[in-house]
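Okay, here's what each chain looks like letter by letter:
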Amino acid sequence: MKKLSLIAAAVLLTACQHPTPAPKASLDGEVFYLQRIALPPTAILSVSLQDISLADAPAKVIDEQRGPVKGQVPLPFHLSYDPLKIEPNHRYSINARIEVDGKLLFITTENHAVRLDGSDPQPVKVRVDAAR
């Protein structure tokens, strides 16, 4: 009987050590621009999902994808988030930028709001404009 109690306690402890992974949701999208120019092979795309609820504080980055551009526009991206951490009364947005050799070429200039409640159209289309 004592062995059975020890085995049950060991199983319980093992279960506690392996928490269940947080559920994940994602947004798939495309970054595009209207200018008819090709990006050089050294271009870097950065796309971030941000909580922009607080007007007097920096946006909180929820997820970010950054890496070399593969091909030409539209440029695909994939962002993940935990739906249990999404606050229904908060505002969320996607921001994107394209850089070459550390120089900003394109950036989002408009708010690309997302709801993160499963109703966002996918792929999300995010326009970037030439940096000035």
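Residues numbered from 1 in each chain as written. Predicted model: local features only at pLDDT ≥ 70, side-chain atom pairs only at ≥ 80, totals over all residues. Heavy atoms only, no water.

Under an unreviewed UniProt entry, the chain has the name Lipoprotein and belongs to Pseudomonas umsongensis.

### Brief notes about unusual backbone geometry
Where we set the bar: Secondary structure elements follow DSSP: runs of H or I of four or more residues count as helices, runs of E of two or more count as strands, with numbering from the N terminus. Classification of residues uses two cut-offs on accessible area relative to the type maximum, computed with a 1.4 Å probe and protein chains only: under 20% is buried, over 50% is exposed, and between them is partly exposed.
Residue proline 74 is reached from valine 73 by a cis peptide bond, and omega for that bond is 0 degrees. Structurally, proline 74 can be placed in the loop between strand E3 (60-68) and strand E4 (75-81). Here aspartate 101, not a glycine, exhibits a phi torsion of approximately 50 degrees, which is positive. Mapped onto the fold, aspartate 101 is located in the loop between strand E5 (92-100) and strand E6 (103-107). A residue is classified by how much of its surface remains accessible, and aspartate 101, at 70% relative accessible area, is exposed.

### Considerations on the pattern of salt bridges
Close approach of charged atoms allows side chains with opposite charge to pair. Here is the rule: Salt bridges are counted wherever a side-chain nitrogen of Lys or Arg sits within 4 Å of a carboxyl oxygen of Asp or Glu.
Counted by the stated rule, this structure contains five salt bridges. Here arginine 127 ties to glutamate 110 by a salt bridge, and the two come within 3.5 Å at their closest N and O atoms. One end of the pair, arginine 127, is in strand E8 (residues 124-127); the other, glutamate 110, is in the loop between E6 and strand E7 (113-114), with 17 residues separating them in the sequence. By relative accessible area, which is 26% here, arginine 127 ends up partly exposed.

### What to know about the sheet that holds E8
Stated formally: One requirement defines pairing of two strands: DSSP has to find at least two bridges between them. Axis lines are fitted to C-alpha atoms, over the contacting stretch for helices. Their N-to-C directions set the angle, which ranges from 0 to 180 degrees.
Spatially, the three strands line up as an open sheet ordered E4-E1-E8, and their pairing is mixed. Each of the sheet's edge strands pairs with one partner strand only, and the pair in question is E4 and E8. Here the strands of the sheet are splayed against their neighbours by 30 degrees on average, with no regard to which way each runs. Two elements, strand E1 (residues 25-32) and E4, share seven bridges in a ladder whose sense is antiparallel. Among the inter-strand pairings, glutamate 30 is bridged to a residue of E4, identified as proline 76.

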